[in-house]
Amino acid sequence: MPHQAFTRKVETRTATVAVLGLGYVGLPLAVAFADAGLTTVGLDIDEEKVDQLRRGVSYLRDVPAAALAGHVQAGRLVPATDEAVLARADAAVICVPTPFTKAKAPDLTAVIGAAEMVARHLHAGQLVVLQSTTYPGTTEEVVRPILERTGLEVGRDFCLAFSPERIDPGNRRYVITNTPKVVGGCTPACTEACAALFGALIGHDQIHRVRGPKAAEMCKLLENTFRSVNIALVNEMLELCDRMGIDLWEVIDAAATKPFGFMPFYPGPGVGGHCIPVDPVYLAWKAREYDFHTRFIELAAETNAGMPAYTVRKVTEALNRAGRPVKGSKILILGVAFKRDIDDPRNSPALEILKLLATQGAEVTYHDPYIPKVVLSADRFLAGASITTLESVPLTAARLEAQDCVLVAVAHRDFDFPWIVRHSRLVVDAQNATKAVRERREKIVKL
Ligand SMILES: NC(=O)c1ccc[n+]([C@@H]2O[C@H](COP(=O)([O-])OP(=O)(O)OC[C@H]3O[C@@H](n4cnc5c(N)ncnc54)[C@H](O)[C@@H]3O)[C@@H](O)[C@H]2O)c1
């Protein structure tokens, strides 16, 4: 398919873009398309979410309600549940979840569902882009056959590409519009159509083309496993430094003064979210098809997965030194988001820590200014404990004083650490968040 007609529509802002999946990735993207002057349709199967969006209510901290409401009222962004809107879309961008199954295999149910939806309305001249993070081969081996079953052919009738999502929730410096975008289409024309679409958002000089969807899919996995492996390295170092009586945070700050060949990564209570714990599973699964074992990557994932238990051990030891058993101790966890300054608790290590402590009989509560309630999945951790849903408790001096231990699991910027330390009896700091606290440091135990 020649891409020029599509590109012209984008350039003249007469193209309509459909974004499938209005979650942490899709909603900011839909708003960015609308900001760029493209008529945007946001399609989601979650009626409640779409209803909220139609009223201009944003459920993401990174998406200001005013911007959303303005676009919705002006008809630039149309939230919808009816897939019929795809019939008038010049581009369909798929941003649906890619979790894994209990047996640790990729669960592509949502990608397949979204691709089937697009296929039912596929028409000549359309561009389809997969943005969900997934293993190399998904675009060509899973999405393409679904779309071509319509009789239309990639490259001849429509375009298909993969472009990884790089959004970093909570990051105020790098947002969609100033983060370079990698694009890889099934044919050179598919790459160009995809480049034209995202070029409208971020500028054409910010587009990096690769030779096909597989390279683009692998690019995302390289970026995320790079993080996973480096985090695992410092997590392993943490345990060693603890035994050797060395402050690893001080060591990392020192190493970071080297202007080349070193990039600081920081240890913590574990990794969470939709990417770092999930992506190695996708890569390892696909690698098996090639009779290849991703030893290094899996070891990193295993090391990171052990951090919640390590954190619990540090809490236990700290309580022990204070003459208290975990059972019956009051423990307040500060922060249950999977990282700082965001409102997303998915796969959060803090929740695993919470469950582990509850299972040992601790009276656990949490405070997170951005997450009012958490529903804990009933898994092996909760076998002996009675909690399944918890609400964030207010953070007061009296509450802090009543705790046997306060665990800083996430260092949200809104937390006043000198005040927290002043009113707590014992603080286990899993994030070096109390680094600048000058008084009463004897109460602090670092991870
Ligand atoms: N959250 C991040 O920071 C991040 C960053 C980079 C990449 N990603 C990747 O982006 C993808 C989406 O992640 P997310 O965090 O936005 O997920 P999410 O769960 O926040 O949102 C996904 C949305 O898709 C909807 N959905 C499911 N099936 C659908 C279908 N068939 N049609 C239309 N909508 C459908 C869901 O209702 C939900 O609203 C994943 O592959 C993830 O790995 C996420």
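Residues numbered from 1 in each chain as written. Predicted model: local features only at pLDDT ≥ 70, side-chain atom pairs only at ≥ 80, totals over all residues.

### A look at the site of the ligand
Neighbouring the ligand are 27 residues; G21, G23, Y24, V25 and S132 lie closest to it. Residue composition of the shell around the ligand, by class: 15 nonpolar, 8 polar and 4 charged. (Near = placed C-beta within 6 Å. Nonpolar A, V, L, I, M, F, W, Y, C, P; charged D, E, K, R; others polar.)

### Concerning the nonpolar core
Ranked by size, the top nonpolar core spans 70 residues in total, and within it V19, L20 and I94 carry the most contacts. If you tally residues by element for this core, the top one is helix α7 (residues 188-202), at 10 residues. Ignoring any residue separated from it by four or fewer positions in sequence, one finds I94 in contact with L20, G21, V111, A114, A115, V129, L130, Q131 and S132. Among the nonpolar cores identified, the runner-up in size contains 45 residues, and Y366, V408, V410 and V428 belong to it. (Core = buried A, V, L, I, M, F, W, Y, C linked by C-beta atoms within 7 Å. Buried ≥ 20, exposed ≤ 12 C-beta atoms within 10 Å, placed from the backbone. Helix = DSSP H or I, 4+ residues; strand = E, 2+ residues; numbered from the N terminus. Contact = placed C-beta atoms within 7 Å.)

### Description of the pairing of strand β2 (residues 39-43)
Most of β2 is tucked away: 5 of the 5 residues are buried. Neither face of β2 is exposed, since T39, V41 and L43 on one face and T40 and G42 on the opposite face are all buried. With helix α2 (residues 26-35) bridging strand β1 (residues 16-20) and its parallel neighbour β2, the resulting β-α-β unit is right-handed. (Right-handed = clockwise from strand over helix to strand, strands pointing away.)

### Structural notes on the domain arrangement of the protein
In terms of domain boundaries, the protein breaks down into domain 1 (4-211) and domain 2 (306-446). Centre-to-centre separation of domain 1 and domain 2, based on C-alpha positions: 38 Å. Contact residues are listed per partner, giving 4 residues for domain 1 and 7 residues for domain 2. Classifying every residue of the side of domain 1 that touches domain 2 gives 2 nonpolar, 1 polar and 1 charged. (Domains from an automatic or database assignment.)

### Side note on the sheet that holds strand β8 (residues 207-209)
Strand order in the open sheet made by the 8 strands is β3-β2-β1-β4-β5-β6-β7-β8, with mixed pairing throughout. Sheet topology places β3 (77-80) and β8 at the edges, where each strand pairs with a single neighbour. Put simply, the sheet's adjacent strands are angled 25 degrees from each other on average, direction ignored. As defined by bridge partners, strand β4 (residues 91-94) adjoins strand β5 (residues 127-130) across 4 bridges and the pair is classed as parallel. Looking across to β5, one finds that A91 is bridged to L127. (Pairing = 2+ DSSP bridges. Axes fitted to C-alpha atoms, helices over the stretch in contact; angles between N-to-C directions.)

### Some points on the environment of L238
If you trace the backbone, L238 turns up in helix α8 (residues 213-244). With 209 residues separating them along the chain, L238 and L447 place their C-alpha atoms 7.9 Å apart. Those residues within four positions of L238 in sequence are excluded, and the remaining contacts are L248, P267 and L447.

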